[in-house]
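One-letter residues, chain by chain:
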Amino acid sequence: MSEASSPDFLQQPVTALRGVGDALAEKLARLGIMRVEDLLFHLPLRYQDRTRIYPIAELKVGQEVLVEGEIESTEVVLRGRRMMLCHISDGTGILTLRFFHFTTAQKQSLRQGVPIRCFGEVRQAGFKLEMAHPEYRLLSATHPEPIENTLTPTYPATEGLQQRSLRRLIEIALEHVDELPDLLPERVVERHGFPQLGEVLSLLHKPQGGTPSPALPLSGEGARGRAPSDSSPDKGRLGRVSSRLVFEELLAHQLGVQQARHELQQVQAPAMQDTNRYWQQLLRSLPFAPTDAQNRVIGEITQDLQQGIPMNRLVQGDVGSGKTLVAVAAALHAIANGFQVALMAPTELLAEQHYQNLTRWLEPLGLETVFISGNQTPRQRRRKVENLLLGIGHIAVGTHALFQRTVEFLQLGLIIIDEQHRFGVHQRMSLREKGKQGDNYPHQLVMTATPIPRTLAMTAYGDLDYSVIDELPPGRTPITTVALSNERRDDVIGRIAAACCEGRQAYWVCTLIEESEALQCETAEDTAALLRERLPHVEVGLVHGRLHGSEKESIMRQFKQGEIQLLVATTVIEVGVDVPNASLMIIENAERFGLSQLHQLRGRVGRGSTASSCVLLYQNPLGKTARKRLDAMRNSTDGFVIADIDLELRGPGEVLGTRQTGDVRLRIASLLRDQHLLPAVQVAAREIVANYPERVKLLTKRWLQQPDGDTATRFFQS
Ligand code: ADP
Ligand code: MG
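Residues numbered from 1 in each chain as written. Chains lettered and ligands numbered in written order. Predicted model: local features only at pLDDT ≥ 70, side-chain atom pairs only at ≥ 80, totals over all residues. Heavy atoms only, no water.

What about the overall build of the protein chain?
Line of reasoning, step 1. Of the regular secondary structure elements, the protein chain holds 27 helices and 23 strands.
Line of reasoning, step 2. Counting across all 718 residues of the protein chain, residues that qualify as buried make up 55%.
Line of reasoning, step 3. Summed over all atoms, the accessible surface of the protein chain reaches about 31,800 Å², with 49% contributed by carbon and sulfur. (Helix = DSSP H or I, 4+ residues; strand = E, 2+ residues; numbered from the N terminus. Buried < 20%, exposed > 50% of the residue type's maximum accessible area, 1.4 Å probe, protein only. Areas by Shrake-Rupley, 256 points an atom, 1.4 Å probe, with all protein chains shown as cover.)

Shown next, in the form of structure tokens:
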């Protein structure tokens, strides 16, 4: 046959396979399957065991099993709707097959006494067991049908594509599995004792049966959020075998990220080589000196900006570490070189706060800060937009409205994104595109307070250079954290009264995370009313997501100026808000929050010189994870320590923020489970780049093919 004799059969488009026309090819492409080889790397989500026939008496609800019996009777009944029930018996018990759709011919064929084999999920129906719409086959009494001797894989599929056709195509591809080039260097294979690639793939697509309840052996982040199971077939063997693929996938991912970085270095950005005279000027007027950590990071940024290629740097600094000042230093460097800057914040509130800080710092230098808000009318915005276009405005501050609206710059040289975990990688990418002028791309600086463990950062943000502000400004007193059950609420209210009496300020954060925003706001309103009643001498303010931008701003302004002493808020204050005089933070329902979020919230206090405290109010009974979280909060104020515990408790997807998870699409590897492999993966990546550069493309093509036919590296060219 021609398909077998072609030398590069695996590299052929899928249409080279018999029975694959354009329509089917298009469906396969939706799964990222373009070439025959791609079929081999389309790995099962889980397996069905059709290697064994189960006695009806042993069936358990939820099992997917093969059953054989004789038809006792078949009836059509009306129970709300018309349906056909077929009762079968194997001598150990009776099972009902339920069909909602059936033909007359079908009904006639399911006659009493006919032997039948069916496969489906066992369900409870009243006191009896049944299968709804099982796959079935009528057996001949004289010719026994063989049963499968390997497990049946279930593949990720797409609309209109049957498991059956996927299995058939993959089986054809498997006949050529030995022609698959092994892209791992021999030394790497030996070092890790990996089995042959062909052997690995054959085993994953057709494992031997043996355990009563097969489930998925593979659980990458791409495995649609399914948890790994303990009952996979021949688990030990599959585990060992799949580790080779896990390694290869992580390797491909690493190479892809490196490639993206390399490509980014092929484009131009303005080389900003003039000295930063504005920064020198600002430093003289600041009441404090930058910390060593701030200076070091500013140095790293300045280095980047002087190159003629786009900066692509992530600055991580714990809450309160002074990221804003670092951003300002970067901005001033660009401005001193004749370029404009865009500073983007995740909320109006933060944008407003940045605007105020920048105006305060930059106005004396004769520089113009422009505030672009989603709340502005076109008329209000017109002058501002004009100023940017004319180059009169030096720095624009705003939310993403900054880029969605018709804002144009004369000479945009630097984009700064604050509190990046709210922005996806795609958004970063499109921003860069929008800022492109001629052949020049703007530099990009991303700032985040989310501490990212190093191993994760290398993988998830491998395209970005990475700086850490690992020091807090001096004079901060550590925050004391206590966890109290709700019954102690009265004590807490007493504490607020005392603190406010001493001229301090407090936050009270109320939340209902699962509920709607409307409910959240209502709860906050109720809480504020209650606190007003209980604390008649304290000025209580309220902010929540439903307030108008201007209302929110005015309340925040009053809080900043000390006119409001107790601020009741929803989590809108989670990121970035800076009021140094606030030294008491109450977080209600603390048990419902993730660690990172608690840490972010707590970071709103401890910014001034008075001792700060954070009270975590919880509702009994406390679950095990919740207790661990609260303990972690009491025992540490170090964002990295907390991030590590968070990673342990939640897994990397959530730590990186849901938006990012979608971008690190792994099929079989899991960043959490497999992170111990990452150092070895990096070594292997270097080996390949140095000795087998031609394999880089092959590996990334093999593994990073995305459902839409794009390669994943595209996601990283942010
Ligand atoms: P974050 O890193 O959370 O964004 P901010 O930039 O809001 O932190 O800074 C927190 C507070 O610390 C601000 O009031 C800021 O003015 C102040 N600050 C920043 N750098 C220093 C420094 N080197 N010394 C003293 N205070 C500083
Ligand atoms: Mg900040």
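Regarding the packing of helix 9 (residues 277–285) against helix 11 (residues 323–336)
Line of reasoning, step 1. Their axes nearest at 7 Å, the elements helix 9 and helix 11 cross at an angle of 140 degrees. Considering the angle they form, helix 9 stands oblique to helix 11. Side by side, helix 9 and helix 11 meet where Arg 277, Tyr 278, Trp 279 and Leu 282 of the first sit next to Leu 325, Val 328, Ala 329, Leu 332, Ile 335 and Ala 336 of the second.
Line of reasoning, step 2. When the residues that make up the contact of helix 9 with helix 11 are grouped by side-chain class, the tally is 9 nonpolar, no polar and 1 charged. (Axes fitted to C-alpha atoms, helices over the stretch in contact; angles between N-to-C directions. Parallel < 35°, antiparallel > 145°, perpendicular 65-115°, else oblique. Contact = heavy atoms within 4.5 Å. Nonpolar A, V, L, I, M, F, W, Y, C, P; charged D, E, K, R; others polar.)

Considering the side chain of Thr 369
Line of reasoning, step 1. You can see Thr 369 is positioned in strand 13 (residues 369–372).
Line of reasoning, step 2. Classification of Thr 369 as buried rests on a relative accessible area of 9%.
Line of reasoning, step 3. For Thr 369, the residues in contact, after removing those within four places along its chain, are Tyr 355, Leu 358, Thr 359, Leu 362, Ile 395 and Val 397.

Comments concerning the confidence of the model for the protein chain
Low pLDDT marks stretches whose predicted atomic positions should not be read closely.
Line of reasoning, step 1. The predicted model of the protein chain averages 83 in pLDDT, with 84% of residues at 70 or higher.
Line of reasoning, step 2. Ranking the elements of the protein chain by mean pLDDT puts helix 27 (residues 713–716) last, at 30, and helix 10 (residues 292–306) first, at 97.
Line of reasoning, step 3. For residues 708–718, every residue scores under 50 in pLDDT, and the model assigns this stretch 38 contacts once sequence neighbours within four places are set aside. (pLDDT = per-residue confidence, 0-100.)

Observations regarding helix 21 (residues 624–635)
Line of reasoning, step 1. Its 12 residues place the ends of helix 21 16 Å apart at the C-alpha level, agreeing with the 16 Å of an ideal helix rising 1.5 Å per residue.
Line of reasoning, step 2. Taken together, the buried positions of helix 21 are Ala 626, Arg 629, Leu 630, Ala 632 and Met 633. Seen end-on, helix 21 carries its buried residues on one side only, within an arc spanning 155 degrees. Among the exposed residues of helix 21, those oriented more than 90 degrees off its buried face are Lys 624 and Asn 635. (Expected span 1.5 Å × (residues − 1). Arc of directions from axis to C-beta.)

Quick word on the site of ligand 1
Line of reasoning, step 1. The environment of ligand 1 is made up of 16 residues, and the closest members are Gly 320, Lys 323, Thr 324, Arg 476 and Asp 578.
Line of reasoning, step 2. In the model, an oxygen atom of ligand 1 is placed 2.8 Å from a nitrogen or oxygen of the Lys 323 side chain.
Line of reasoning, step 3. For ligand 1, the protein covers 87% of the area, taking 560 Å² as the surface of the free molecule.
Line of reasoning, step 4. Looking at the shell around ligand 1 residue by residue, the classes come out as 5 nonpolar, 6 polar and 5 charged. (Near = heavy atom within 4 Å. Polar contact = N/O pair within 3.5 Å; in protein donor to acceptor, adjacent residues only side chain to side chain.)

Some remarks on the pattern of salt bridges
Line of reasoning, step 1. The tally for this structure, following the rule as stated, stands at 28 salt bridges.
Line of reasoning, step 2. Residue Glu 135 pairs with Arg 50 through a salt bridge whose shortest N-O separation is 2.9 Å. Taken together, the positions of Glu 135 in strand 9 (residues 135–138) and Arg 50 in the loop between strand 1 (46–48) and strand 2 (53–54) put the pair 85 residues apart, joining distant regions of the chain.
Line of reasoning, step 3. You can call Arg 50 buried: its relative accessible area is 12%.
Line of reasoning, step 4. Residue Glu 171 pairs with Lys 206 through a salt bridge whose shortest N-O separation is 4.0 Å. Here the residue Glu 171 occupies a position in helix 5 (residues 163–174), and Lys 206 occupies one in the loop between helix 7 (197–205) and helix 8 (235–264), the gap between them amounting to 35 residues.
Line of reasoning, step 5. Here Lys 206 falls in the partly exposed class, since its relative accessible area comes to 35%.
Line of reasoning, step 6. Put simply, Arg 35, Glu 37, Asp 38, Asp 182, Arg 244, Glu 248 and Arg 702 are held in one network by salt bridges that share partners. (Salt bridge = Lys/Arg side-chain N within 4 Å of Asp/Glu carboxyl O.)

Quick word on the packing of helix 11 against helix 12 (residues 348–362)
The packing of two helices is summarised by the inter-axis angle and the distance between the axes.
Line of reasoning, step 1. Between helix 11 and helix 12, the least distance of the axes is 12 Å, while the angle of their chain directions is 55 degrees. Judged on the interaxial angle alone, helix 12 and helix 11 are oblique. As for the relative orientation of helix 11 and helix 12, their crossing is right-handed in sense. Counted together, Thr 324, Leu 325, Val 328 and Leu 332 of helix 11 and His 354, Leu 358, Trp 361 and Leu 362 of helix 12 form the full contact between these two elements.
Line of reasoning, step 2. Looking at side-chain class alone, the contact of helix 11 with helix 12 contains 6 nonpolar, 2 polar and no charged residues. (Left-handed = near helix turned anticlockwise from the far one by under 90°.)

Structural notes on the packing of aromatic side chains
Line of reasoning, step 1. The final tally for this structure, using the stated rule, is 5 aromatic pairs.
Line of reasoning, step 2. Centroid distance Phe 41 to Trp 703: 5.1 Å. Interplanar angle 75 degrees. Geometry classified as edge-to-face. Linking Phe 41 in the loop between helix 3 (36–40) and strand 1 with Trp 703 in helix 26 (residues 694–703), this pair joins segments that are 662 residues apart in sequence. Per residue, the accessibility class of Phe 41 equals that of Trp 703, and both read buried.
Line of reasoning, step 3. For the pair Phe 194 and Phe 247, a centre-to-centre distance of 5.3 Å together with 55 degrees between the ring planes defines the contact as tilted. On the criterion of sequence distance, the pair formed by Phe 194 in the loop between helix 6 (186–192) and helix 7 and Phe 247 in helix 8 is long-range, its members being 53 residues apart. Each of the two residues, Phe 194 as well as Phe 247, counts as buried. (Phe/Tyr/Trp six-rings, centres within 6.5 Å; stacked < 30°, edge-to-face > 60°.)

What about the sheet that holds strand 14 (residues 395–398)?
Line of reasoning, step 1. Strand order in this open sheet of 7 strands is 13-14-12-15-16-11-17, and the pairing throughout is parallel. Of all strands in the sheet, those bounded by a partner on one side alone are strand 13 and strand 17 (465–469). Averaged over all neighbouring strand pairs, the angle between strand axes comes to 20 degrees, with direction disregarded.
Line of reasoning, step 2. Inspection of the sheet shows strand 12 (residues 340–344) paired to strand 15 (residues 412–417) by 5 bridges, in the parallel sense. (Pairing = 2+ DSSP bridges.)

Quick look at unusual backbone geometry
Line of reasoning, step 1. In this chain, Asn 620 is followed by Pro 621 through a cis amide linkage whose omega measures -5 degrees.
Line of reasoning, step 2. Within the fold, Pro 621 resides in the loop between strand 23 (612–618) and helix 21.
Line of reasoning, step 3. Backbone geometry places His 133, a non-glycine residue, at a positive phi of 45 degrees.
Line of reasoning, step 4. Looking at where His 133 falls in the secondary structure, it is placed in the loop between strand 8 (128–132) and strand 9.
Line of reasoning, step 5. Positive phi, close to 50 degrees, is recorded for Asn 589, a residue that is not glycine.

A few points about the sheet that holds strand 22 (residues 582–587)
Line of reasoning, step 1. Taken in spatial order, the 6 strands of this open sheet run 18-23-22-19-21-20, and their pairing is parallel. One side of each edge strand has no neighbouring strand; the edge strands of this open sheet are strand 18 (479–485) and strand 20 (540–543). With direction set aside, neighbouring strand axes in the sheet form an average angle of 20 degrees.
Line of reasoning, step 2. As paired elements, strand 19 (residues 505–509) and strand 22 share 5 bridges and run parallel to each other. What sits directly across from Trp 508, in strand 22, is Ile 586.
Line of reasoning, step 3. Packed on one face of the sheet, helix 21 meets strand 18 and strand 23 and runs near 150 degrees to strand 18.

So, the environment of Cys 86
Line of reasoning, step 1. Tracing the backbone shows Cys 86 in strand 4 (residues 81–89).
Line of reasoning, step 2. Sequence separation between Cys 86 and Thr 74 is 12 residues; the distance between their C-alpha atoms is 4.3 Å.
Line of reasoning, step 3. Excluding residues that lie within four positions of it along the chain, Cys 86 makes contacts with Ile 71, Ser 73, Thr 74, Leu 95, Thr 96, Leu 97 and Leu 110.

Comments concerning the environment of Arg 607
Line of reasoning, step 1. The topology assignment puts Arg 607 in the loop between helix 20 (595–602) and strand 23.
Line of reasoning, step 2. The class of Arg 607 is buried, set by a relative accessible area of 15%.
Line of reasoning, step 3. Those residues within four positions of Arg 607 in sequence are excluded, and the remaining contacts are Val 319, Gly 320, Arg 476, Val 577, Asp 578 and Pro 580.

Some thoughts on helix 12
Line of reasoning, step 1. Relative to the 21 Å expected for 15 residues at 1.5 Å per residue, helix 12 spans 20 Å between its end C-alpha atoms, a close match to the ideal helical length.
Line of reasoning, step 2. Those residues of helix 12 not exposed but buried are Glu 348, Leu 349, Leu 350, Ala 351, Glu 352, Gln 353, His 354, Asn 357, Leu 358, Thr 359, Trp 361 and Leu 362.
Line of reasoning, step 3. The inward-facing, buried residues of helix 12 contact helix 9, helix 11, strand 12, strand 13, strand 14 and helix 19 (549–560).

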